[in-house]
Amino acid sequence: MDNNQTKSLQAVIFDLDGVITDTAEYHYQAWKAIAEELNIPFTREFNENLKGVSRLDSLKLLLSQTTTPVHYSEAEMNELAARKNNLYVKLIEKITPADLLPGISGFLTELREAGIKTGIASASKNAQTVLDGLGVTSWFDVIVDVTRLKNNKPDPEIFLTAAAQLGVEPAACIGVEDAVSGVDAIKAAGMFAVAIGAAEQFPKADIVLPSTAKLSLRDLMEHFAVKA
Ligand SMILES: O=P(O)(O)OC[C@H]1O[C@@H](O)[C@H](O)[C@@H](O)[C@@H]1O
Ligand SMILES: [Mg+2]
């Protein structure tokens, strides 16, 4: 590997849900249960809009799908959001290291061996529980505390905070995401964006990979060097 390329990339900042582990599926299942209770149609296609979006904003999007609008007070909204979270927390109780998505363990090992810093930029208040279940907390140099942030993705604040805490310039970072709002946040932060999913979903990403199994430091370095 070329030395200049190694120098130009200094950090990789990961989303958590749907990138490190498949908790995006658990968020889907929990929201689906709430939607069914409220008689609101809820498809996997619509669920794509909720990825990366905060709990309360996800609920607002879900409620906007109803054909017969109902007014919910703030207390009722908070209660619905708490119910969704209780369902989600039950699902993540069972997470073990076997739930790491394919290729993640090897990719993080490659990054550490290359001296590239790593961070987590997750919108989830449950991020620490998930990372602990996976047994990977110590693999990351920084885990951004979402409760201290003012703005949600697609605002770049979470990725800029991760870069600042890692002590690297945004232009020297790659961000990895499975959500459109997350890719928008990475690009707004001035970083190189790797999306995981279907190419047509992510027109703004610098690279789209069909699966985390395709994450390779050597390949990313080449693409990163071209863009830098
Ligand atoms: O409700 P939590 O666990 O705080 O998570 C907030 C958001 O976290 C993001 O990582 C997920 O993609 C969203 O689906 C979720 O709504
Ligand atoms: Mg995600």
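What counts and what doesn't
Residues numbered from 1 in each chain as written. Chains lettered and ligands numbered in written order. Predicted model: local features only at pLDDT ≥ 70, side-chain atom pairs only at ≥ 80, totals over all residues. Heavy atoms only, no water. UniProt positions renumbered as here; feature names shortened; annotations may be inferred. Near = heavy atom within 4 Å. Polar contact = N/O pair within 3.5 Å; in protein donor to acceptor, adjacent residues only side chain to side chain. Areas by Shrake-Rupley, 256 points an atom, 1.4 Å probe, with all protein chains shown as cover. Nonpolar A, V, L, I, M, F, W, Y, C, P; charged D, E, K, R; others polar. Pairing = 2+ DSSP bridges. Helix = DSSP H or I, 4+ residues; strand = E, 2+ residues; numbered from the N terminus. Contact = heavy atoms within 4.5 Å. Axes fitted to C-alpha atoms, helices over the stretch in contact; angles between N-to-C directions. Donors = N, O, S within 2.8 Å, 3.2 Å for Na, K, Ca; no water. Buried < 20%, exposed > 50% of the residue type's maximum accessible area, 1.4 Å probe, protein only. Expected span 1.5 Å × (residues − 1). Core = buried A, V, L, I, M, F, W, Y, C linked by side-chain atoms within 4.5 Å. Parallel < 35°, antiparallel > 145°, perpendicular 65-115°, else oblique. Left-handed = near helix turned anticlockwise from the far one by under 90°.

With an unreviewed UniProt entry as reference, the protein is termed Beta-phosphoglucomutase, source organism Paenibacillus phoenicis. Its UniProt record gives the protein a comment under Catalytic activity (unreviewed entry), which states: "beta-D-glucose 1-phosphate = beta-D-glucose 6-phosphate". Per UniProt, the protein carries the Sequence similarities (unreviewed entry) text "Belongs to the HAD-like hydrolase superfamily. CbbY/CbbZ/Gph/YieH family."

Lay out the site of ligand 1 with the relevant residues and their values.
The environment of ligand 1 is made up of 14 residues, and the closest members are Asp17, Val53, Arg55, Ser124 and Asn126. Contacts to ligand 1 include Asn126, whose side-chain N or O atom sits 2.7 Å from an oxygen atom. Taken by itself ligand 1 offers 390 Å² of open surface, and the protein chains cover 97% of this. A class-by-class count of the residues in the shell around ligand 1 yields three nonpolar, seven polar and four charged.

Tell me about the sheet that holds strand E2 (residues 117–120), and name the residues and values.
Spatial strand order, E3-E2-E1-E4-E5-E6: six strands in an open sheet with parallel pairing. Since the sheet does not close on itself, it has two edges, and those belong to strand E3 (142–143) and strand E6 (207–209), each with one partner. With three bridges connecting them, strand E5 (residues 192–196) and E6 associate as parallel partners. Considered in E6, the bridge of Ile196 is made with Leu209. Along the sheet, helix H6 (residues 104–113) contacts strand E1 (11–14) and E2; its crossing angle with E1, the most-contacted strand, is approximately 150 degrees.

Explain the coordination of the magnesium ion (ligand 2) to me, using residue names and the numbers behind them.
Ligation of the magnesium ion (ligand 2) by protein atoms is provided by Asp15 (OD), Asp17 (O) and Asp178 (OD), these donors lying 2.0 to 2.1 Å from the ion. Each donor residue of the magnesium ion (ligand 2) lies on the same chain, and together they follow the pattern D-x1-D-x160-D. For the pair Asp15 and Asp17, one class covers both residues: buried.

Talk me through helix H2 (residues 23–37); I want residue IDs and the actual numbers.
Helix length check: H2, at 15 residues, gives a terminal C-alpha distance of 21 Å against a target of 21 Å (1.5 Å per residue), a fit within 8%. Taken residue by residue, H2 has Thr23, Ala24, His27, Tyr28, Ala30, Trp31, Ile34 and Ala35 as its buried positions. Where H2 is buried, its residues touch helix H3 (44–47), helix H4 (55–63), helix H5 (74–92) and helix H7 (127–134).

Describe the nonpolar core, with residues and values.
Among the nonpolar cores identified, the biggest contains 37 residues, and Phe14 and Ile20 are the most heavily contacted of them. Listed by contribution, the elements that provide at least two residues to this core are E1, H5, H6, H7, strand E4 (173–177), E5, E6 and helix H10 (217–227). Ile20 has contacts with Phe14, Asp15, Asp99, Leu100, Leu101, Ile104, Ile120, Leu134 and Phe140, leaving out every residue within four places of it along the chain. Of all hydrophobic cores here, the second largest spans 23 residues; its members include Ala121, Val144, Phe159 and Met191.

A description of the packing of H2 against H5 should follow, citing residues and the corresponding values.
Look at H2 against H5: their axes get within 9 Å of each other, and the N-to-C directions meet at 140 degrees. Judged by the inter-axis angle, H2 sits oblique to H5. Along this stretch, H2 crosses H5, giving a crossing that reads as right-handed. Of the residues in H5, those in contact with Thr23, Tyr26, His27, Gln29, Ala30, Trp31, Ala33, Ile34 and Glu37 of H2 are Leu80, Arg83, Lys84, Leu87, Tyr88, Leu91 and Ile92.

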